[in-house]
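# Geometric and topological summary
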Amino acid sequence: MPIVPDEKDWTWVLTRPCPDCSFDAATVTPSTVPGNIDNMLPRWRAVLRRPDVAERPNGHTWSALEYACHVRDVFSLFDQRLNLMLESDDARFENWDQDQTAMDKDYANADPAVVSAELTAEGKQAAESFARVREPEWGRTGLRSNGSEFTVLTLAQYFLHDVVHHLHDVDG
């Protein structure tokens, strides 16, 4: 059975805590973003060392390996989006089809050791990029293809929820 695409609009996590993973965007500040990213990297590396990392829990849920590949790509995508927001006024984000990316990059058959190294590198890069944001830049804006508007701060909050929530998915 193929994975069912997630087509929900998760931007609601910017206004209330997530009942599943307990992430609360209101606790995220510009000064906490880089440390939050850094603190999750060892947990993701531990996930990728599990002997059953490539096994799907059922026919419609990604394996921990597939989630880790997704998070690696989320780190890269949000680093790109952050830099676009910092470089251009009213940045526009192209649509990203995460399910098509999973198929195109063959997440299910990735090498966990390679994914661990890549996820760590992409996570560190994202943390460094967020650490370089200056105070006046946190209010810069960007627009997602579906019309959702973000500031650099709300982009960071939305992005962190994705990474935290997927840790919950693989630990739950």
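Residues numbered from 1 in each chain as written. Predicted model: local features only at pLDDT ≥ 70, side-chain atom pairs only at ≥ 80, totals over all residues. Heavy atoms only, no water.

- An unreviewed UniProt entry lists the protein chain under the name DinB-like domain-containing protein, with Pseudarthrobacter scleromae given as the organism.

## A look at the nonpolar core
- Core analysis: the largest hydrophobic core is formed by 49 residues, its most contacted members being Ile-37, Trp-44, Phe-75 and Phe-159.
- Those residues within four positions of Phe-75 in sequence are excluded, and the remaining contacts are Ile-37, Leu-41, Leu-119, Glu-122, Gly-123, Ala-126, Phe-159 and Val-163. (Core = buried A, V, L, I, M, F, W, Y, C linked by side-chain atoms within 4.5 Å. Buried < 20%, exposed > 50% of the residue type's maximum accessible area, 1.4 Å probe, protein only. Contact = heavy atoms within 4.5 Å.)

## Section: the packing of aromatic side chains
- What the rule picks out here adds up to 8 aromatic pairs.
- An angle of 65 degrees between the planes, with centres 5.9 Å apart, marks the rings of Phe-75 and Phe-159 as edge-to-face. In this pair, Phe-75 sits in helix H2 (residues 64-87) while Phe-159 sits in helix H5 (residues 152-171), placing the two residues 84 residues apart along the sequence.
- A relative accessible area of 0% means that Phe-75 is categorised as buried.
- For Phe-159, a relative accessible area of 0% translates into the label buried.
- Summarising the aromatic geometry, the rings of Phe-150 and Tyr-158 are spaced 5.2 Å apart at their centres and angled 55 degrees between planes, so their arrangement reads as tilted.
- Take Tyr-158: its relative accessible area is 12%, and that puts it in the buried class.
- Across the ring face of Phe-78, the terminal group of Arg-81 is positioned such that the distance to the ring centre comes to 5.7 Å. (Phe/Tyr/Trp six-rings, centres within 6.5 Å; stacked < 30°, edge-to-face > 60°. Helix = DSSP H or I, 4+ residues; strand = E, 2+ residues; numbered from the N terminus. Lys NZ or Arg CZ within 6 Å of the ring centre and 35° of its normal.)

## Things to note about helix H1 (residues 33-48)
- Compared with the 22 Å implied by 1.5 Å per residue over 16 residues, the 23 Å span of H1 between its first and last C-alpha is a close match.
- Along H1, the positions that sit buried rather than exposed are Val-33, Pro-34, Ile-37, Met-40, Leu-41, Trp-44, Val-47 and Leu-48. (Expected span 1.5 Å × (residues − 1).)

## Quick word on the sheet that holds strand S2 (residues 141-143)
- With mixed pairing, the 3 strands of this open sheet are ordered in space as S1-S2-S3. Each of the sheet's edge strands pairs with one partner strand only, and the pair in question is strand S1 (91-92) and strand S3 (149-151).
- Where S1 meets S2, 2 bridges bridge the pair, whose relative direction is parallel. Note on S2: the bridge partner recorded for Ala-91 is Gly-142. (Pairing = 2+ DSSP bridges.)

## Things to note about H2
- The end-to-end C-alpha separation of H2 is 34 Å, in line with the 34 Å expected for 24 residues at 1.5 Å each.
- Counting buried positions over the 24 residues of H2 gives 19, a clear majority of the element.

## Let's talk about the pattern of salt bridges
- Across all of its chains, the model carries 8 salt bridges by this definition.
- With a closest N to O distance of 3.5 Å, Asp-171 and Arg-43 form a salt bridge. Placement of Asp-171 in helix H5 and of Arg-43 in helix H1 is noted, with a sequence separation of 128 residues between them.
- Residue class for Asp-171 comes out partly exposed when judged on its relative accessible area of 43%.
- Arg-43 sits in the partly exposed class, given a relative accessible area of 44%.
- Glu-118 is the salt-bridge partner of Arg-72, the closest N and O atoms lying 2.8 Å from each other. (Salt bridge = Lys/Arg side-chain N within 4 Å of Asp/Glu carboxyl O.)

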